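If you want the building blocks of each chain, they are given just below.
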Amino acid sequence: MAPTDTSNPAYFHKVVDCQWACPAHTPVPEYIRLIAEGRYTDAYMINWRSNVFPGVLGRTCDRPCEPACRRGRVENEPVAICRLKRVAADNKDDVTARLPQPSPTKNGKRVALIGAGPASMTVARDLLPLGYTCVIYDQDPKAGGMMRTQIPRFRLPDRVLDEECGYILGLKPETRFGHKIESLKAVLDEGYDAVFVGSGAPRGRDLDIPGRTEAAEHIHIGIDWLSNVSFGHITAIGKRVIVLGGGNTAMDCCRTSRRLGGQEVHVVVRSGFEEMKASPWEKDDAMAEGIPIHNYLVPKAFRHEKGKLTGLTFEKVKAEYDDKGRRKLVPTGEPDVTFDCDDVLVAVGQENAFPWIERDLGLEFDRWDMPKVDPETFASTNPKVFFGGDAAFGPKNIIWAVAHGHAAAVSIHLLCSGKDVTKDRPAPHVNLTSQKMGIHEWSYDNDVSLDLRFKVPHAPHEVTLNNVNMEVELGYTRDLGYKEALRCLNCDVETVFEEGLCIECDACVDICPMDSITFTANGEEADLRTRLKAPANNTTQDLYVSDILKTRRVMVKDEDVCLHCGLCAERCPTGAWDMKKFYLETAQATSCSR
């Protein structure tokens, strides 16, 4: 194998598994260390720069970082990265003085932002300090988009969303709330220099089965129903409720139903339990509130009497797989099952809807009627129009939309500066700094905590189930947050090897608690992985390979199992090993001016 190019920022970035997995590439270990030091405001600001909504995401993020967490490889539970984000948000001081201020002068460029969800708000936050005039349109009366309309208040209180949207509104965009866009052509005709479409996936899928029309009064589309609850238009539901669907929206629907009078609430899913798209913790929370989940049942017909919904009949199915592993649901042949009900909430998916975009504006659409969008620049085939969030590639999550917003803001700034949105994109900002404070001392705590993941305290069900606005999770206390933060393995503090200093004494090999270091003859990667002290079976994680040493061997380190404990560097008599903190910030629109 060729020697590892550690000058390439992607190498050490990939070793920081949580940051690599985060769409916004938040420097996770850095802010967790700050929480452990009690520096909550500093931790919050690191989050705010990259993910824009730390308090929101600390409660609602889909947590792509946590399955990637290295802690999950040495025990079953990763660090509670998401809930630690909330610790920073809940315990920070007033951050107003540390936020960007409205630009005192305008640069003459005007940008329209369609939708006031996380993607559009991120674009506004990045462009407003640079002197852009940003005009935000939304059909709802307040900013937030799906964060406000589809996430119940018992998961995300208004005060948290209002605060973090307020930081962006404080940069003085023009807001046209309560204004539904009916024509993209009309927007373009207003002379904007760029238009960003962050309108989400606003249409819930319906269910066209017998009885749907006759019993329509008590059959509701899940996302529309949640929106009506959010704005106070719906305050009650029938005693017997069926929720159709296995995603997070279905979990929000069933838990909201319990709080609005649903005494018997059932979730019914056509797939198996493990295949449900809902996050595991969302399923756990629903079941903890006494809501059963029924799997492998396909809706067959709504039952009704004189226009009144009375029940829903299901066909029992099972999963069969072909020789290529593709699943197919087939009837079991067992009798149908009927659930009695007063209301049904349909949460079987969401779709994009672009009837307001004319098809003669130079915008190309694919066979699914989705705009053709460049996944790096978020540009459409009309050079002035950009897409992001659910509007770009279909329903996903908040952190994904924020990442889209950052990238689109870079593109818009380059476009308005007369530069190429693809070729002139700025590189990320990277630092690699030694943590050495003495022969055997480091500027970070390298002890490995033996604690298991700490549970987040919850308010009692007898209180929360009677109030649709009362937050269920109470969040970590400062003490619990400190203890959970200590579980982080500091994966951004990298083991950096200098082959010119190595005397090949193998002291690092002897002391490594994970057998991750080997000195051996070089070879092809597949062969080399089998000849290490502990076989390196995870091919998604790189091997760190040195140049040829004096004995003609190479040092090979398996990044997959390293605990970043620093024992190799402490034991090395020549300082060939050092612990260096890798810090990466992704490029934003302000980076284009550096």
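Per chain, residues are indexed from 1 in the order of the written sequence. This being a predicted model, a pLDDT of at least 70 is required before a residue's local features are given, and a value of 80 or more before pairs of side-chain atoms are given or counted; all residues contribute to the totals for chains, interfaces and linings. The side-chain values count all of the structure's non-hydrogen atoms but skip hydrogen atoms and water molecules.

(A) Just the overall build of the protein, in detail. A helix here means a DSSP run of H or I that spans at least four residues, while a strand means a run of E at least two residues long, and both kinds are numbered starting from the N terminus. Tallying secondary structure elements over the protein gives 22 helices and 22 strands in all. This radius of gyration counts C-alpha atoms alone. The globule rule is 2.2 Å times how many residues there are, raised to the power 0.38. Radius of gyration (C-alpha) of the protein: 27 Å, near the 25 Å computed for a compact globule of 594 residues. Referenced to the eigenvectors of the C-alpha coordinate spread, the extents of the protein come out at roughly 90 × 65 × 50 Å. Long-range pairs, those at least 24 residues apart, make up 70% of the contacts in the protein between residues at least 6 apart in sequence. In the form shown here, the protein has an accessible surface area of approximately 25600 Å², with 50% of it arising from carbon and sulfur atoms. When charges are tallied, Lys and Arg are placed among the positive residues and Asp and Glu among the negative ones, while His and the ends of the chain are skipped. Here the site of a charge means NZ on Lys, CZ on Arg, CG on Asp, or CD on Glu. Charge separation in the protein, taken as the distance between the mean sites of 73 positive and 86 negative side-chain charges, equals 2 Å. Contact criterion: two residues are considered in contact whenever any of their non-hydrogen atoms come within 4.5 Å of each other. Areas reported here follow the Shrake-Rupley algorithm with a probe of radius 1.4 Å; residue values treat only the protein chains shown as occluding.

(B) Spatial organisation of the pattern of salt bridges. Whenever a carboxyl oxygen of Asp or Glu lies within 4 Å of a side-chain nitrogen of Lys or Arg, that contact is scored as a salt bridge. This model, assessed by the stated rule, comprises 55 salt bridges. Taking the shortest distance from any N to any O, the salt bridge between Glu585 and Arg49 comes out at 3.5 Å. You can see Glu585 sitting in strand E22 (residues 577-585) and its partner Arg49 sitting in helix H4 (residues 40-51), a full 536 residues away along the chain. Taking relative accessible area as the criterion, Arg49 reaches 19% and is therefore assigned buried. Residues Arg153 and Asp158 are paired through a salt bridge, measuring 3.4 Å at the closest nitrogen-oxygen approach. For every residue, the accessible area obtained with a 1.4 Å probe (protein chains only) is divided by the maximum for its type, and the residue is called buried under 20%, exposed over 50%, and partly exposed between those limits. The exposure class of Asp158 is partly exposed, given its relative accessible area of 32%. One salt-bridge network, held together by shared partners, links Arg155, Asp252, Arg255, Arg259, Glu282, Asp285 and Glu289.

(C) Examining the packing of helix H13 (residues 222-230) against helix H14 (residues 248-259) more closely. In this analysis, axes come from line fits to C-alpha atoms, helices being fitted only over the stretch in contact, and the angle between any two N-to-C directions falls in the range 0 to 180 degrees. Between H13 and H14, the least distance of the axes is 10 Å, while the angle of their chain directions is 45°. Looking at the two axes, H13 sits oblique to H14. For the pair H13 and H14, the sense of crossing is left-handed. For the pair formed by H13 and H14, the contact residues are Gly222, Ile223, Trp225, Leu226 and Val229 on the first element and Thr249, Asp252, Cys253, Thr256 and Ser257 on the second. Only Asp, Glu, Lys and Arg are considered charged in this grouping, and only Ala, Val, Leu, Ile, Met, Phe, Trp, Tyr, Cys and Pro are considered nonpolar; every other residue, Gly among them, is considered polar. Here the contact of H13 with H14 is built from residues that sort into five nonpolar, four polar and one charged. Just so you know how the angles are binned, under 35 degrees is roughly parallel, over 145 roughly antiparallel, 65 to 115 roughly perpendicular, and the rest oblique. Less than a right angle of anticlockwise turn of the near helix away from the far helix marks a crossing as left-handed, whereas a clockwise turn marks it as right-handed.

(D) Molecular detail of helix H17 (residues 398-416). Taking 1.5 Å per residue, 19 residues should reach 27 Å; H17 reaches 27 Å between its end C-alpha atoms and fits that length. Across the 19 residues that make up H17, a large majority, 17, are buried. Pairs of N or O atoms are called polar contacts if they sit within 3.5 Å, as long as, within protein, a hydrogen donor faces a hydrogen acceptor (for residues adjacent in sequence, only side-chain-to-side-chain pairs). Near the N-terminus of H17, the side chain that reaches the backbone nitrogen of Trp400, with its oxygen 2.9 Å away, is that of Asn397. Of the residues one or two after H17, Gly418 is the one with positive phi, at around 75°. Helix span, as expected, comes to 1.5 Å for every residue beyond the first.

(E) Region of interest: the pairing of strand E7 (residues 240-244). With four of its five residues buried, E7 lies for the most part within the structure. Two elements, E7 and strand E8 (residues 264-268), share five bridges in a ladder whose sense is parallel. Following the sheet pairing, Val243 is matched in E8 by Val267. Note on pairing: two strands pair once DSSP finds at least 2 bridges between them.

(F) The arrangement of the side chain of Gln350 in detail. When you line up the elements, Gln350 lands in strand E15 (residues 350-351). Given a relative accessible area of 16%, Gln350 falls into the buried group. Only 3.0 Å separates the side chain of Gln350 from the backbone oxygen of Ala201, close enough to count as a polar contact. Residues within four places of Gln350 in sequence aside, it is in contact with Gln150, Ala201, Arg203, Gly204, Arg205, Ile223, Thr249 and Pro395.

(G) Up close: helix H11 (residues 158-169). The end-to-end C-alpha distance of H11 is 15 Å, a good match for the 16 Å that 12 residues give at a rise of 1.5 Å each. Considered for burial, the residues of H11 that qualify are Val160, Leu161, Glu164, Cys165, Tyr167 and Ile168. Projection of H11 onto a plane perpendicular to its axis shows the buried side chains occupying an angular sector of 145°, all on one side. Among the structural elements, H4, helix H5 (54-60), helix H9 (118-127) and helix H10 (146-149) are those in contact with the buried residues of H11. The arc under discussion is defined with respect to the helix axis, by the directions toward the C-beta atoms.

(H) Representation of the packing of H9 against H11 within the structure. Where H9 contacts H11, the two axes come as close as 9 Å, and the packing angle between them is 40°. Viewed along their axes, H9 and H11 adopt a mutual orientation that is oblique. Only Cys165, Ile168 and Leu169 of H11 make contact with H9, whose side of the interface consists of Met121, Ala124 and Arg125. Looking at the contact of H9 with H11, its residues break down into five nonpolar, no polar and one charged.

(I) The arrangement of the domain arrangement of the protein in detail. As annotated, the domain borders come from an automatic or database domain assignment. Split into domains, the protein comes out as domain 1 (9-97 + 441-485), domain 2 (99-202 + 352-416), domain 3 (204-350) and domain 4 (493-590). Put simply, the middle of domain 2 and the middle of domain 4, counted by C-alpha atoms, are 44 Å apart. In this complex, domain 2 contributes eight residues to the contact, which on the side of domain 4 involves four residues. Summed over both partners, the interface of domain 2 with domain 4 buries about 440 Å², with 65% contributed by carbon and sulfur atoms. Counting every contact that joins domain 2 to domain 4 gives zero salt bridges. Inspection of the domain 2/domain 4 interface yields one residue pair in polar contact (both at pLDDT 80 or more). Broken down by secondary-structure element, the contributors of at least two residues to the side of domain 2 that touches domain 4 are H9 and H17. Per element, the largest residue contribution to the side of domain 2 that touches domain 4 is four residues, and it comes from H17. The class makeup of the residues in the side of domain 2 that touches domain 4 is four nonpolar, two polar and two charged. Accessible-area loss on putting two parts together, using a 1.4 Å probe and summing over both, is the definition of buried area adopted here.

(J) View of the nonpolar core. Phe53, Leu184, Val195 and Phe387 are the most contacted members of the largest nonpolar core, which has 67 residues in total. At nine residues, the largest contribution of residues to this core is made by H17. When residues are assigned to domains, this core turns out to be shared by domain 1 (9-97 + 441-485) and domain 2 (99-202 + 352-416), each giving three or more. Other than its neighbours up to four places away in sequence, Val195 contacts Ala112, Ile114, Leu184, Val187, Leu188, Lys384, Val385 and Phe386. Residues Tyr31, Ala43, Phe454 and Met579 belong to the second largest nonpolar core, which totals 57 residues. In these notes, a set of buried Ala, Val, Leu, Ile, Met, Phe, Trp, Tyr and Cys residues joined through side-chain atoms within 4.5 Å is what counts as a nonpolar core.

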